[in-house]
Amino acid sequence: MNTGSDDAGSTAVAEGEAQKKPERRLGSRAPQFIRRSRALHLSWQVGVFVVGLAVVVAGVLMLALPGPGWLVIFAGMAIWSTEFVWAQMVLRWTRRKVTEAAQRALDPKVRRRNLILTSVAVLIGAALCALYLWRFGLTMPWNITW
C-alpha cells in the first residue's frame, strides 16, 4: 500500500539534485584542433594569459579610478579559467564564498543588525550635516574663514 509520501520525498530529492549545477571539468576549453598541436596550444595559452592579464590590470586600475573594478577583475579571471586550472579553482572558491555570504546576509539576525548599523550611521551623518549647517550655513568648506 503506497501512501504517496515516498513519491513526494523522491520528487523533492530529484528537484534538489536538479537545482545543483554539475561541476564543469577542469582543464583547457580550447578547441580540439588547437589542443592537438603542442605549439599551437602553447601559443593559445599565452594569448589567453595576455588578454586575461590586460583585463585584470584594467580592473585593478578601476579600483582606484571610476569603474566596476571587481567585476572587471572577475571577468579577467573568467578569461583565464577558460585555459588554466588554477583560475578555475579560484573562481569555484569565489563562487562558493559569495554564495555563503549571500546565505548569511539573508539570515534575519544579520539583516536586523545591518539595518540597525545603517540607521545609526545615517543618524550620525545627519547630525554632522546639521551641525555643519548650524555652524557655517550653506558655505562651502573651502570658503570658510575662521
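Residues numbered from 1 in each chain as written. Predicted model: local features only at pLDDT ≥ 70, side-chain atom pairs only at ≥ 80, totals over all residues. Heavy atoms only, no water.

## Quick look at the UniProt feature "transmembrane region" (unreviewed entry) in the protein chain
For clarity, the threshold we go by: UniProt positions are given in the numbering used here, feature names are shortened, and annotations may be inferred rather than shown by experiment. Secondary structure follows DSSP: runs of H or I at least 4 residues long count as helices, runs of E at least 2 residues long count as strands, and numbering of each begins at the N terminus.
Per the UniProt entry, the sites bearing "transmembrane region" (unreviewed entry) are residues 42-64, 70-94 and 115-134 in this numbering. Between the end C-alpha atoms of residues 115-134 there is a gap of 28 Å, over a span that is 100% helix and 0% strand.

## Some remarks on the packing of helix α4 (residues 69-81) against helix α5 (residues 85-105)
Short version of the rule: Lines fitted to C-alpha atoms define the axes, with helix axes restricted to the stretch in contact, and inter-axis angles between N-to-C directions lie between 0 and 180 degrees. For classification, angles of less than 35 degrees are called roughly parallel, those exceeding 145 degrees roughly antiparallel, those between 65 and 115 degrees roughly perpendicular, and all remaining angles oblique. Left-handed describes a crossing whose near helix is turned anticlockwise from the far helix through less than a right angle; right-handed describes the clockwise counterpart. Any two residues having at least one pair of non-hydrogen atoms within 4.5 Å are treated as being in contact.
In contact at an axis separation of 7 Å, α4 and α5 are set at 135° when each is read in the N-to-C sense. As far as their axial angle goes, α5 and α4 are oblique. Remark: the crossing between α4 and α5 carries left-handed chirality. Counted together, F74, M77, A78, W80 and S81 of α4 and W86, A87, Q88, V90, L91 and T94 of α5 form the full contact between these two elements.

## What to know about the confidence of the model for the protein chain
Note the following rule: Each residue gets a pLDDT score, which is the predictor's confidence in that residue and runs from 0 to 100.
Of all residues in the protein chain, 82% attain a pLDDT of 70 or more, and the chain-wide mean is 81. At the level of individual helices and strands, the protein chain shows its lowest average pLDDT in helix α1 (residues 5-19), which scores 47, and its highest in helix α6 (residues 108-136), which scores 92.

## Notes on the packing of aromatic side chains
As a reminder of what qualifies: Two rings from Phe, Tyr or Trp (for Trp, the six-membered ring) form a pair when their centres are within 6.5 Å of each other. A pair whose planes differ by under 30 degrees is stacked, one over 60 is edge-to-face, and the rest are tilted. Note on exposure labels: buried denotes an accessible area under 20% of the residue type's maximum, exposed denotes more than 50%, and partly exposed covers the range between, all computed with a 1.4 Å probe on protein chains only.
One pass over the structure, following the stated rule, counts six aromatic pairs. Note on F49 and W80: the rings are 5.4 Å apart at their centroids and 15° apart in plane angle, and the pair reads as stacked. Of this pair, F49 sits in helix α3 (residues 38-64) while W80 is found in helix α4, placing the two residues 31 residues apart along the sequence. On the basis of relative accessible area, F49 is assigned to the partly exposed category, the value being 34%. By relative accessible area, which is 7% here, W80 ends up buried. Ring geometry for Y132 and F136: centres 5.3 Å apart, planes at 45°, overall tilted. Note that Y132 and F136 are positioned in helix α6 at a spacing of four residues, about one turn of the helix.

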